[in-house]
Amino acid sequence: MDELQHRRALSVGDSAASAAVNPASNNDKRPSQGERLMDTSLDLLLVMAYGDGVVKGIMCSRDNLQPLLELLQRLHQPQHVLKAMKTLEHLTHDPSVLAAVKDSGAITQLVPFLSRQTEAVMGQDVVLQALGALYNICKFNKKVHLEVAATAGIIPHLCRFANELSSSYQAPAAANSANSSGNALAPAVGDPLADPAVLQAQAAVEARRTAVRALVLPMLLGMVHTSSSTRAKLWASNGLDLFLTLMANEDAQMQVGIMRTLDLWLAEDHTRVENRLCQREAVSQLVEVYSRLCRAAANTRSAVMPQTMPQMLDTLKLMLGRSSKVAVALATGGLVTALLEPLTGGLVGGPAAANMANAPILRAKLLEIIRIMYQHYPRPKEFIMKYRIQVRG
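Fair warning: this is a prediction, and the values are worked out from it, not measured in the lab. (Residues numbered from 1 in each chain as written. Predicted model: local features only at pLDDT ≥ 70, side-chain atom pairs only at ≥ 80, totals over all residues. Heavy atoms only, no water.)

### Quick word on the overall build of the protein
Link 1 in the chain: For the protein, the helix and strand inventory stands at 23 helices and 0 strands.
Link 2 in the chain: Counting all 393 residues of the protein, 45% fall into the buried class.
Link 3 in the chain: For the protein, the exposed area adds up to about 19600 Å²; of that, 55% sits on carbon and sulfur atoms. (Helix = DSSP H or I, 4+ residues; strand = E, 2+ residues; numbered from the N terminus. Buried < 20%, exposed > 50% of the residue type's maximum accessible area, 1.4 Å probe, protein only. Areas by Shrake-Rupley, 256 points an atom, 1.4 Å probe, with all protein chains shown as cover.)

Shown next as structure tokens:
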């Protein structure tokens, strides 16, 4: 299909917008001619978005892309907005057109679709499609495009999604506790899992959780790598506290990313981040993460250590080297005991000692971190006596 045909297709969608946005009020439940024309036009655009690079290139020319973005702002029917958003999201999968999409102002126009108000009217699917499109655009040039997104106001939306994810980790436990305490009084009913509405709700929750992990968290972490003004916006949205909370519940690879981000933030905004990391709650959160990691190493029955342990230890070493206050706070908060566990065997049977003998690099990393904390400790002799550490001059 040549460029003229593509332009005509987009023009058809644009001309039908007014009929779909403001359909005539009548009692006939059948779609009007304008709505049918809009559905057909949007279906055609979505099909073309799955075309090859030539088709996508023509669709992303300024003459064609700008009307699509304007159409997104004018549509009010959720099903129409979803189709248009799917079209734009799929276009962003092609790296060759991302620059054109960004230059069209798509970031600024997509950010408002992440709001609670939009989700309440248009539904979760529209929000997730907008989120996917923004992620694809921003990963093309993280520093520049994330800066544009932050200026457009994306950070509060991303933090809201991440906070919802953090809250969802505690929800299942609370629900199970409530169910177990109320079983004696509950009437006999059928299996709720057999209810299609329940299954649909669970699928929606899981889709949202997956999107937050795959899209929201990487963008939030990337914000720290941009400018001081963006980091200030992230700080104002309690981004650092959010990272500490998420790190306790996320998988190992995400923990590595969060720790590296905290270390970078400490380097870029030393005093403010240092003061926050030295607070009791933050110290407890960091110590707990490394305690679990070290317990996993101490309990391992084979020569295989947790895969992310080297990266986590390297980042911790950098962080302690940047701040003596953080080193002392973590040492007094219980980190030394956690780091000694894999070295000494800790648990009954001492599997960790045998494992660490097969991992001299990890042993050296643990000892180096303990040495840094010893050097920064205000009372070195007390440190040696408390943890029974031998120091060789």
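### Observations regarding the packing of aromatic side chains
Link 1 in the chain: In this structure the tally under the stated criterion is 5 aromatic pairs.
Link 2 in the chain: Measuring from centroid to centroid gives 5.8 Å for Y374 and F383, while their planes differ by 55°, and the two rings are tilted.
Link 3 in the chain: On the basis of relative accessible area, Y374 is assigned to the partly exposed category, the value being 23%.
Link 4 in the chain: A connected cluster of aromatic rings, assembled from ring pairs, spans Y374, Y377, F383 and Y387.
Link 5 in the chain: The side chain of R272 reaches across the aromatic face of W235, ending 4.6 Å from its centre. (Phe/Tyr/Trp six-rings, centres within 6.5 Å; stacked < 30°, edge-to-face > 60°. Lys NZ or Arg CZ within 6 Å of the ring centre and 35° of its normal.)

### Here we look at the pattern of salt bridges
Link 1 in the chain: Tallied over the entire structure, the rule returns 16 salt bridges.
Link 2 in the chain: E119 is the partner of R208 in a salt bridge, and the nearest nitrogen-oxygen pair spans 2.6 Å. Here E119 lies in helix α8 (residues 116-122) and R208 lies in helix α12 (residues 196-223), a separation of 89 residues in the sequence. Taken individually, R208 and E119 each receive the classification buried, so the pair is uniform in this respect.
Link 3 in the chain: Among the ionic contacts, a cluster of salt bridges with common partners joins E119, R160, E164 and R208. (Salt bridge = Lys/Arg side-chain N within 4 Å of Asp/Glu carboxyl O.)

### Some words on the layout of surface pockets
Link 1 in the chain: Quantified by volume, the second largest pocket comes out at close to 210 Å³.
Link 2 in the chain: As for the second largest pocket, its lining consists of 13 residues, and the residues nearest its centre are K142, P218, M219, L221 and G222.
Link 3 in the chain: The dominant element in the lining of the second largest pocket, judged by the number of residues it contributes, is α12, at 4 residues. (1 Å grid on protein atoms, 1.4 Å probe; cavity = no way out; pocket = protein on both sides within 12 Å on 5 of 7 lines; lining within 4 Å. Points joined across faces, edges and corners; volume = space filled by probe spheres on them.)

### As for the nonpolar core
Link 1 in the chain: Ranked by internal contacts, the top residues of the largest apolar core, which has 109 residues, are L110, I154, L262 and M373.
Link 2 in the chain: Those residues within four positions of L110 in sequence are excluded, and the remaining contacts are L72, M85, L88, A130, A133, L134 and I137. (Core = buried A, V, L, I, M, F, W, Y, C linked by side-chain atoms within 4.5 Å. Contact = heavy atoms within 4.5 Å.)

### A closer look at the side chain of T226
Link 1 in the chain: Along the polypeptide, T226 turns up in the loop between α12 and α13 (228-236).
Link 2 in the chain: Engagement of the side chain of T226 in a polar contact is seen with the backbone oxygen of M223, the distance being 2.5 Å.
Link 3 in the chain: Those residues in contact with T226 that sit more than four places away from it in its chain are K142, K143, L146, E147 and R231. (Polar contact = N/O pair within 3.5 Å; in protein donor to acceptor, adjacent residues only side chain to side chain.)

### Looking at helix α15 (residues 252-268)
Link 1 in the chain: Here α15 is 17 residues long and its end C-alpha atoms lie 25 Å apart, about the 24 Å a rise of 1.5 Å per residue gives.
Link 2 in the chain: Of all the positions in α15, only M254, Q255, V256, I258, M259, T261, L262, D263, W265 and L266 are classed as buried. (Expected span 1.5 Å × (residues − 1).)

### Quick notes on helix α2 (residues 33-49)
Link 1 in the chain: Taking 1.5 Å of rise per residue, the 17 residues of α2 would be expected to cover 24 Å, and the 24 Å separating its terminal C-alpha atoms lies within 8% of that figure.
Link 2 in the chain: When α2 is considered as a whole, its buried residues turn out to be G34, E35, M38, S41, L42, L45, L46, M48 and A49. All buried residues of α2 fall inside an arc of 160° around its axis, so they share one side. Opposite its buried face, α2 presents the exposed residues Q33, T40 and V47, each directed more than 90 degrees away. (Arc of directions from axis to C-beta.)

### Considering the packing of α12 against α15
Helix-helix packing is characterised by the crossing angle of the two axes and by the distance between the axes.
Link 1 in the chain: Running from N to C, α12 and α15 cross one another at 15°; their axes reach a closest spacing of 10 Å. Put simply, α12 runs roughly parallel to α15. By crossing handedness, the relation of α12 to α15 is classed as left-handed. Along the contact surface, α12 presents R213, L217 and L221, while α15 presents M254, G257, I258 and T261.
Link 2 in the chain: Along the lines of polarity and charge, the residues of the contact of α12 with α15 split into 4 nonpolar, 2 polar and 1 charged. (Axes fitted to C-alpha atoms, helices over the stretch in contact; angles between N-to-C directions. Parallel < 35°, antiparallel > 145°, perpendicular 65-115°, else oblique. Left-handed = near helix turned anticlockwise from the far one by under 90°. Nonpolar A, V, L, I, M, F, W, Y, C, P; charged D, E, K, R; others polar.)

### Observations regarding the environment of V205
Link 1 in the chain: In this fold, V205 is placed in helix α12.
Link 2 in the chain: Spatially, the C-alpha atoms of V205 and L165 are 9.7 Å apart, while their sequence positions differ by 40 residues.

### Thoughts on the confidence of the model for the protein
Link 1 in the chain: On average, residues of the protein score 83 in pLDDT, and 79% of them reach the 70 mark or higher.
Link 2 in the chain: A low-confidence stretch, residues 23-27 (pLDDT under 50), is modelled with 2 contacts involving residues beyond four sequence positions or located in other chains.
Link 3 in the chain: Throughout residues 346-350 the model reports pLDDT below 50, and contacts reaching past four residues in sequence, or to other chains, amount to 4 contacts. (pLDDT = per-residue confidence, 0-100.)

### Focus on unusual backbone geometry
Link 1 in the chain: With a phi close to 60°, N238 is a non-glycine residue in the positive phi region.
Link 2 in the chain: When you line up the elements, N238 lands in the loop between α13 and α14 (239-247).

### Observations regarding the environment of S104
Link 1 in the chain: If you trace the backbone, S104 turns up in the loop between α6 (95-103) and α7 (106-110).
Link 2 in the chain: Remark: the alpha-carbon pair of S104 and S61, spanning 43 residues in sequence, is separated by 9.1 Å.
Link 3 in the chain: Ignoring any residue separated from it by four or fewer positions in sequence, one finds S104 in contact with L65, Q66, L69 and Q109.
Link 4 in the chain: Within the structure, S104 has its side chain in polar contact with the backbone oxygen of V101 (distance 2.5 Å).

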